[in-house]
Amino acid sequence: MPKNKTILFSKKLLSLRFTFIIFFCPLIIYSQIENVPLDNEVYSFLKEMKVKGLISSIHEDDPIMTRLEVANLLKKIDDVLHDSIKVGQTNLLSHTEIERLKKFQNEFYDDKKDINNTAQLIGSSEEFSYGLSEFFSNKIKHLYAYRDSSVSFYIEGLGRFIHGQKFNDIKNNSELFDIGFELRGTILNHLGYMMMVDKGGISGSSSFAKILDPRLNYNFKYIENIEKISNYDFTQGYLKYFSQPSEKMNYSVQIGREKIKMGYGYSSSLFLSGEHPDLDFVKFNFNYGVLNFTSLTASTVGYFNIDRSLDYTKYIAANRLQIIFPDLFEIGMGESIVYSGRGIELAYLNPFIFYKFVEMSLQDRDNGTFYLNFQTNFIRNFELQATYFLDENPITRLSDLSRYINKTAYKIGAFWYNPFSIPDFQIILEYTRIRPYVYTHTNIENNYTAFGALLGDKIGPNSDEIYSKIAYYLNAWAKLTVEYSHVRSGKNVVDSQGNLIRNVGGDPAAAFRYGIDNEEAEFLDGIRINTDQLIFTFRLEPIRKIYFDLIYNYTAAHNITDNTKTNLSYGMIKMSIEY
């Protein structure tokens, strides 16, 4: 064989050997592609570090991240901390912030999990400590865990107990108790999976229980209420393919069901708040440098009906685009279409098209929304946020703010971290204003709801809100939060049977009726109700992944029109376990 051919053959053989090693030999790579649930405390920590200027955007208008993404952000924070120490700046993070960073590193640095920081309660393990004796340790704990170079598999037990007591009616109390499990993991470093099942029961007042856990307002088993014991169930699950071709680029495709939030908002989002039933969806994400894009097609159901023949499926298609200007600001836009009465509309599966024009070409049957987002990055420890929301297409009538067609809303807020140089402390202020008839549609099956719950901001149409929040971390394991909100609402006038007498745009289920309702829809017209709410929350995590929440809630509603007042005062103790 000639010399040059021998060299070429040797190079090909070396390449084949390298390929064999990469794909067939065991590699110790633990890239966890599972999503981090929205209620995980790490999101609060990342938000504070972002406002503090240690990391850049965390794409809050589509906030769900994979465990890998969270771990990378934690590493960036750690790198900045160590760089500051090298130059003699030792006060970049407070003692509590450093302890919280270590706490989350133990949870999300999957490649550094070992016998010293992780335990499994069932079965033996060579990698982790094991046995029921670890139950009260501060290690990260799993019911069962397995991982190798190809597959990771974790089973975690879930438990929760809530006791709520009304203070203005001591005989009225409720207890909720549920148990479940979560199975999650990653296959071949690219395919993440998760399945969660949660089953619970209620003792005491069922009506009070839905105040303690608002999810019961759209839970079928609870609403149906045909069994001897009031009960409820929740389930989530998905498959997600995630790839990171380069350091600045990643994309993912996901199918499943879980809590979704889109759009900015410290109290709630005008677009998709996450305070609604979990959606079944197919979702595509693409991130490259300063660009972040999401395309979503989801389904849900309409209002509850005893007559099952009246049930129907409704679909939500949504696209959002965010552009990040590091150390300056972020701008974003998004749009959605809600439709029903047919199967999935192929036109709305197209991620590269303007939905409103498509909707018009399909004969204007559906409900379209559009929003603009803005958030600052240039002031350390201080952030401004704003959202402008349009329901349908009132652009030609924006100058006439009192017209019924002007279905617009906006939200503006500020986040101040470490105010007055007080470490581990934050202040949030936000104002929201939603015009009459926002979230309604001429076809009630296309209104902006899921199972009757608003997909957008919970205060609803013809309302505004002043929201404030202060929070303080006593240490890495204890947090005190105080929230106050003042909501003004204009409600529709109905009779004792619930029949609509006067429509002022205060109910998402009651659209404007041509020739019947007044075309001049004055803001806060109708039955005027002012609601003040004060919530104190103390959260304690005495043992890793065992939480105790002590909550006091006082709500006072003043019907200005009838000059009547009602109030609700209650306390709640909640214990939750994630093992």
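Here the structure is a predicted model, which means the values were calculated and not measured.

### Focus: the sheet that holds strand β3 (residues 140-142)
Here's step 1: In spatial order, the strands read β2-β1-β3; together these three strands make up an open sheet with parallel pairing. With one partner strand each, in any of the chains shown, β2 (129-130) and β3 form the two edges of the open sheet.
Here's step 2: Bridge count for strand β1 (residues 118-120) against β3 is three bridges, and the pairing is parallel. Bridged to Ala 119 within β3 is Lys 141.

### With respect to the nonpolar core
Here's step 1: Counting residues in hydrophobic clusters, the biggest one holds 29 residues, and the most contacted among them are Val 42, Leu 46, Met 49, Val 70, Leu 74, Ile 77 and Phe 108.
Here's step 2: For this core, the secondary-structure elements that each account for two or more residues are α2 (42-52), α3 (67-86), α4 (95-108) and β16 (408-417).
Here's step 3: Counting 24 residues, the second largest nonpolar core, distinct from the first, contains Ile 260, Leu 279, Leu 454 and Val 487.

### Quick look at the pattern of salt bridges
Here's step 1: Applying the stated rule across the entire model yields 43 salt bridges.
Here's step 2: Where Lys 50 meets Glu 383, a salt bridge forms, and the shortest distance between an N and an O atom there is 2.8 Å. In this pair, Lys 50 is assigned in helix α2 and Glu 383 in strand β15 (residues 382-391), connecting sequence segments 333 residues apart.
Here's step 3: On the basis of relative accessibility, which here comes to 5%, the residue Lys 50 falls in the buried class.
Here's step 4: Glu 383 sits in the buried class, given a relative accessible area of 1%.

### Some thoughts on the side chain of Asp 517
Here's step 1: Within the secondary structure, Asp 517 is located in the loop between β23 (500-502) and β24 (527-543).
Here's step 2: Residue classification places Asp 517 among the buried residues on the basis of a relative accessible area of 8%.
Here's step 3: Not counting residues up to four positions away in its chain, the partners in contact with Asp 517 are Tyr 437, Asn 503, Ala 511 and Phe 512.

Criteria and cut-off values
- Residues numbered from 1 in each chain as written.
- Predicted model: local features only at pLDDT ≥ 70, side-chain atom pairs only at ≥ 80, totals over all residues.
- Heavy atoms only, no water.
- Pairing = 2+ DSSP bridges.
- Helix = DSSP H or I, 4+ residues; strand = E, 2+ residues; numbered from the N terminus.
- Core = buried A, V, L, I, M, F, W, Y, C linked by side-chain atoms within 4.5 Å.
- Buried < 20%, exposed > 50% of the residue type's maximum accessible area, 1.4 Å probe, protein only.
- Salt bridge = Lys/Arg side-chain N within 4 Å of Asp/Glu carboxyl O.
- Contact = heavy atoms within 4.5 Å.

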